[in-house]
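Single-letter residue listing:
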Amino acid sequence: MSIIKSENLVHKFSVTDENDNIIEENSALDGVNIEVEEGQFIAILGHNGSGKSTFARHINALLTPDEGTLYVNGWDTKDESKLWQIRQNAGMVFQNPDNQIIATVVEEDVGFGPENLGVPTEEIWDRVEKALKSVGMLEYRHSSPNKLSGGQKQRVAIAGVVAMKPKCIVLDEPTAMLDPNGRKEVLKTVKELNEKENVTVILITHYMNEVIDADKVFVMDKGKVVMEGTPREIFTNVEELKKLGLDVPQVTEVAHKLKGEGINLGDCVLSIKEFKEKYKQVTGKDIASLNIKESAKKYDLEEPSEIRDNKIVSLTNSDLDDNSKENHKKLILDAKKLTYIYEEGTANEKGALNDVSINIHEGEFLAIIGHTGSGKSTLIQHLNGLMRADSGTIYFNGEDIYAKEFSMPFLRKHVGLVFQYPEHQLFETTVLEDVCFGPKNLGLSKDEVLDAAKKALKQVGLGEKYYEKSPFELSGGEKRRVAIAGVLAMNPEVLILDEPTAGLDPKGRDKILNQLKKLQTERNIAIVLVSHSMEDVAKYAERLVVMSGGKKLYDGECREVFSHYKELEEIGLAAPQVTYLMAESGKTVMTVDEAVDILR
Amino acid sequence: MIRDITIGQYYQVDSIIHRLDPRVKLLATLIYVVSLFVTNSPVGYAIAILFLVGCIALSKVPAKYVLKGLKSLVYILIFSATFILLFTGGEHIVFKYGIIKISREGIYNAIEMVVRLTLLLIGSSVMTLTTKPTDMADGLEKAFGFLKVIKVPVHEMAMMISIAFRFIPILVEETDKIMKAQIARGADFESGGLIKKAKGLIPLLVPLIISSIKRALDLATAMEARCYNGGEGRTKMKPLKYKKCDFVAYGVQVGYFVMIIVTNIVVKLVIKNVM
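Model, not experiment: these values are computed from the prediction. (Residues numbered from 1 in each chain as written. Chains lettered and ligands numbered in written order. Predicted model: local features only at pLDDT ≥ 70, side-chain atom pairs only at ≥ 80, totals over all residues.)

Novice: How should the overall build of chain B be read in this particular structure?
Specialist: Tallying secondary structure elements over chain B gives eleven helices and two strands in all. Going from the N terminus to the C terminus, chain B shows its helices and strands as α-α-α-α-α-β-β-α-α-α-α-α-α. Its C-alpha atoms give chain B principal-axis dimensions of about 70 × 60 × 40 Å. Counting across all 275 residues of chain B, residues that qualify as buried make up 26%. Long-range contacts, defined as pairs at least 24 residues apart, comprise 76% of the intrachain contacts of chain B with a sequence gap of at least 6. (Helix = DSSP H or I, 4+ residues; strand = E, 2+ residues; numbered from the N terminus. Buried ≥ 20, exposed ≤ 12 C-beta atoms within 10 Å, placed from the backbone. Contact = placed C-beta atoms within 7 Å.)

Novice: Can you walk me through the overall build of chain A in this structure?
Specialist: When its secondary structure is counted, chain A shows 23 helices and 21 strands. Relative to the globule expectation of 25 Å for 600 residues, the C-alpha radius of gyration of chain A, 26 Å, shows essentially globular dimensions. Reported as C-alpha extents along the three principal axes, the dimensions of chain A are approximately 70 × 70 × 50 Å. Expressed as a percentage of the 600 residues in chain A, the buried residues total 52%. Put simply, of all contacts in chain A between residues at least 6 apart along the chain, 68% involve residues at least 24 apart. (Rg over C-alpha atoms; globule rule 2.2 N^0.38 Å.)

Novice: How should I be thinking about the interface of chain A and chain B in this particular structure?
Specialist: Where interface size is quoted, it is often the accessible area lost as the parts come together. Between chain A and chain B, the residue contacts involve 53 residues of the former and 44 residues of the latter. Looking at the side of chain A that touches chain B, the elements with two or more residues in it are helix H2 (83-89), helix H3 (106-117), helix H4 (121-134), helix H14 (408-414), helix H15 (431-441) and helix H17 (476-488) of chain A. If you tally residues by element for the side of chain A that touches chain B, the top one is H3 of chain A, at seven residues. Of the residues assigned to the side of chain A that touches chain B, the class counts are 26 nonpolar, 21 polar and six charged. (Nonpolar A, V, L, I, M, F, W, Y, C, P; charged D, E, K, R; others polar.)

Novice: Help me understand the packing of helix H2 (residues 22-38) of chain B against helix H6 (residues 104-130) of chain B, please; the structure alone is not making it clear to me.
Specialist: The axes of two packed helices give the description: the angle between them and the distance between them. Residues and elements named next belong to chain B. With their axes 10 Å apart at the nearest point, H2 and H6 run at an angle of 180° to one another. It follows from the interaxial angle that H2 and H6 lie roughly antiparallel. Between H2 and H6, the residues in contact are Lys 25, Thr 29, Tyr 32, Val 33 and Leu 36 and Arg 116, Leu 119, Leu 120, Gly 123, Ser 124, Met 127 and Thr 130, respectively. (Axes fitted to C-alpha atoms, helices over the stretch in contact; angles between N-to-C directions. Parallel < 35°, antiparallel > 145°, perpendicular 65-115°, else oblique.)

Novice: I'm lost on the environment of Asp 79 of chain A in this one. Help?
Specialist: Residue and element names in this part refer to chain A. Note that Asp 79 resides in the loop between strand S5 (75-76) and H2. A tally of 13 C-beta atoms within 10 Å means that Asp 79 is categorised as partly exposed. Separated by 18 residues in sequence, Asp 79 and Ala 61 have C-alpha atoms that sit 9.6 Å apart.

Novice: Would you take a moment to explain the sheet that holds strand S9 (residues 216-221) of chain A for this structure?
Specialist: The strands that make up a sheet pair up through hydrogen bonds in the backbone, lying either parallel or antiparallel. Residue and element names in this part refer to chain A. A sheet is described by the order of its strands in space; here six strands give the open sequence S6-S7-S8-S3-S9-S10, paired in mixed fashion. The open sheet has two edge strands, strand S6 (90-93) and strand S10 (224-229), and neither has a second partner. Taking each pair of neighbouring strands and ignoring which way they run, the sheet shows an average axis angle of 20°. Direction of pairing for strand S3 (residues 41-45) relative to S9: parallel, over a ladder of four bridges. Each residue of the ladder has a partner; that of Ile 42, found in S9, is Lys 216. Strand contacts of helix H5 (residues 150-162): S6 and strand S7 (168-172), with the helix running at about 165° to S6, the strand carrying the most contacts. (Pairing = 2+ DSSP bridges.)

Novice: Help me understand the packing of helix H3 (residues 42-59) of chain B against helix H11 (residues 244-274) of chain B in this model?
Specialist: Residues and elements named next belong to chain B. The interhelical angle for the contact between H3 and H11, taken along N-to-C directions, is 165°, at an axis separation of 9 Å. Our classification of the angle between H3 and H11 gives roughly antiparallel. When you trace H3 past H11, the crossing you get is right-handed. On H11, the residues touching Val 43, Gly 44, Ile 47 and Phe 51 of H3 are Tyr 256, Met 259, Ile 260, Thr 263, Asn 264 and Val 267. (Left-handed = near helix turned anticlockwise from the far one by under 90°.)

Novice: Help me understand helix H9 (residues 250-260) of chain A, please; the structure alone is not making it clear to me.
Specialist: An α-helix turns once every 3.6 residues. As a result, residues three or four positions apart point the same way. Residue and element names in this part refer to chain A. Counting buried positions along H9 yields eight of eleven residues, so the element is predominantly enclosed. Considered for burial, the residues of H9 that qualify are Gln 250, Val 251, Thr 252, Glu 253, Val 254, Ala 255, His 256 and Leu 258. Along its buried surface, H9 packs onto helix H7 (231-235), helix H8 (238-243), helix H10 (272-283), helix H19 (534-540), helix H22 (577-582) and helix H23 (592-599). Just past H9, the residue Gly 262 takes up positive phi, approximately 95°.

Novice: Is there a simple way to think about the sheet that holds strand S13 (residues 353-361) of chain A in this case?
Specialist: On the basis of which strands lie adjacent, the open sheet formed by four strands has the order S13-S12-S15-S16 (chain A) and antiparallel pairing. Every interior strand has two partners, whereas the edge strands, S13 and strand S16 (399-400) of chain A, have only one.

Novice: Honestly, the confidence of the model for chain B in this entry has me stumped. Any pointers?
Specialist: Mean pLDDT over chain B: 85, with 97% of residues reaching 70 or higher. Listed scores for the predicted complex are pTM 0.81 and ipTM 0.83. (pLDDT = per-residue confidence, 0-100.)

Novice: Just to check I follow, could you spell out H6 of chain B for this structure?
Specialist: Residue and element names in this part refer to chain B. Taking 1.5 Å per residue, 27 residues should reach 39 Å; H6 reaches 39 Å between its end C-alpha atoms and fits that length. Taken together, the buried positions of H6 are occupied by Gly 106, Leu 119, Ile 122, Gly 123, Ser 125, Val 126, Met 127, Thr 128, Leu 129 and Thr 130. Those residues of H6 that are buried lie in contact with helix H1 (16-19), H2, H3, helix H4 (63-71), helix H5 (74-87) and strand S2 (100-103). (Expected span 1.5 Å × (residues − 1).)

Novice: What is the right way to look at the confidence of the model for chain A in this model?
Specialist: It should be kept in mind that the predicted coordinates are not to be read in detail where pLDDT is low. When pLDDT is averaged across chain A, the result is 85; 92% of the residues are at 70 or more. The least confident element of chain A is strand S11 (residues 313-314) of chain A, whose mean pLDDT is 46; the most confident is strand S18 (residues 494-498) of chain A, at 94.

Novice: Would you mind showing me how to read the domain arrangement of chain B here?
Specialist: Residue and element names in this part refer to chain B. We note that the domain assignment places domain 1 (1-131 + 242-275) and domain 2 (133-238) within chain B. Contact residues are listed per partner, giving nine residues for domain 1 and 13 residues for domain 2. Residue composition of the side of domain 1 that touches domain 2, by class: five nonpolar, two polar and two charged. (Domains from an automatic or database assignment.)

Novice: Even after reading the chapter, I still don't get the nonpolar core, so can you show me in this structure?
Specialist: It is characteristic of soluble globular proteins that their nonpolar side chains tend to be buried jointly. Residues and elements named next belong to chain A. With 105 residues, the main nonpolar core has Val 254, Val 435, Ala 485, Ile 496, Ile 527, Val 528 and Leu 544 as its most contacted residues. Sort the elements by how many residues they give to this core and H17 lands first, with six residues. Setting aside residues no more than four positions away along its own chain, Val 254 makes contact with Val 578, Leu 581, Val 592, Ala 595, Val 596 and Leu 599. Counting 81 residues, the second-largest nonpolar core is a separate cluster that includes Ile 3, Phe 55, Ile 59 and Ala 157. (Core = buried A, V, L, I, M, F, W, Y, C linked by C-beta atoms within 7 Å.)

So, in structure tokens, the structure goes:
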């Protein structure tokens, strides 16, 4: 028997005016047919707004169909007498880890579900222990959820569902707000549940590499299922997926592009190992045997490196043209030996800074990477004076920003900082007014303010028709661009962005990153991008700074830093997938196109 | 700055006070508050202070941490003290300048008020520091359970309180973040007059309210998804049960209160006799 079966499921959202007349009807789901067998690992893909989350809420009977039927374990979700059985059997994990934990202690939160089901006290304890064990969080049972990392919180949320003994778990973008380590943790947990406890898993995501091991993938667009099949079948359609605003793993893309060059590695390649085998079969060449003269010697990966022993290694290589050019550029920000220690006992004890020096030149594209708690957020808040270092100095255009006569508002005008999830700081009634907030604070005249705001909105790709809209009716990606425009309107020389693409789908992500690149090249604004995504960093940044444990570990041209991918792994980071693919060739490859160029 | 508020925060450590039944601690807090308002003599306050110091010592919460919570409330204390100081009339004028008169009674009253408020704040924060919000909500639910008869939604209110506590640190962090984000956009929360300051709060409050509503909706959905259906038919993972130490604590409380009353009477008698 199939555990979930939807027949022509339709869900409409209606927009009403003040008198409750329906003005507009949108179908979030438009005739969805999905069938899931017990014990399967199912992935549902789709860009933001494709209807995948709405579908998830139907499975849990949080929403009921307007048309069509949905059966969960044989029960019709419209049958109210079965409501609690349906919710118990189809547990749900949501995107935001903070907004689904109810209790202040981990074990009590896990017990919340069983309590609601009326499970006897003794058994609740038993279930809680088992559930926490199954997600590997038993040792944290007495902790406060606020002290846990994002990945750990999501595992607690999963345990909370497991404790209800469901047949099926629906996870609605559980990794969207997590860093790469958290993502791995959650995914591993989910896979184990599926394999060991035979729980049916429905994973909703837009990270393609999370669905490779799924039994079946459904791709949704505009409320419809547009593709279904095994991951291999789905990833064959690279072009189509891209049209839907989705991505494919880098190896798959390389293989796809090679096909266009006449090297056919078969329909679909999903892993590095598979790629290498097929490449050898087809061309008779090993990737390791590819002879790349230009740089094979310079970055010999096998060479025992002394990097780990040295605390800070500057990789600036004087004989590289790029770098010597860099040196002629004007130095804007020069931070020297910054040290910042959080007050003991506060939740933020991690993330301190220890003797960090960093400089930012005019018009460069710099990326800062590091895992959560590495100090990168603390560092960027120093750069515009929101935090003050315990020791060390920062020079802005040669002036000491800690000097008494130095004006912080002046610094903040020139060094713009966009926080993570910046859309949370929007507050005005219209988009235009919100963007005006920054320039207004600078004391510009009314015309100048409007001018600056309009220019900034244009630069993030939002035209006149957005001016009078409320920021709150926009899509997630649009809101974020409004927020970025809000900082941009102050006309900064340096624009620092803390994970500007977090939670966006691939299309929204590319849009923002492309616009940043444009700002850099056209307006000569220095961009400092804090990111978790190595693929993005490799594609856009020129220079890369790696933070770990409050220290600067590497600082140099992207390619050089990525050539140390083994060391990066040790601190919980990684290089782009293509770098691994091509590692044996002796060249540090950063983008899909480069790889294709070599392999061709 | 904003992180310094420790009121309502739970301090995790294992102590006899932490292990007490929340109902015991609720009553103790109530008794303590009442005792502060009953007391009328320095001796009484001395006993109250000793009792509190004893509780803090037993609770193993560092005194520094307990006092930190006061820091954010210093202004309220100063404000009320000044108010009383200036507006208490009396015969013994100690200081006079224009219309400002400070009497000896005013000074006594102000000192008494500060002591009372301080003890009250510390007393109640000892309660929150040693009791998990969920336990406290449980305690309240049980203690006021009799109100269910007259259709007071006791369970729902207890649930609301415990959730509110869970979100305090999250909202504090969020406030901090939004504040910084707006400062980065040139907002100024510090300078200017009262009206300008109040206006300046809009960029902080609007996002905060919006995100709180969003969180509330998310949380409600998550609770529903986990079969939450009000108090009916719910079991408890940690049902409240009195232990021996709870009865002892009840005894201590009553003892304390009797002592305060006796001190009061004695002090009154002594004063009468002296007069």
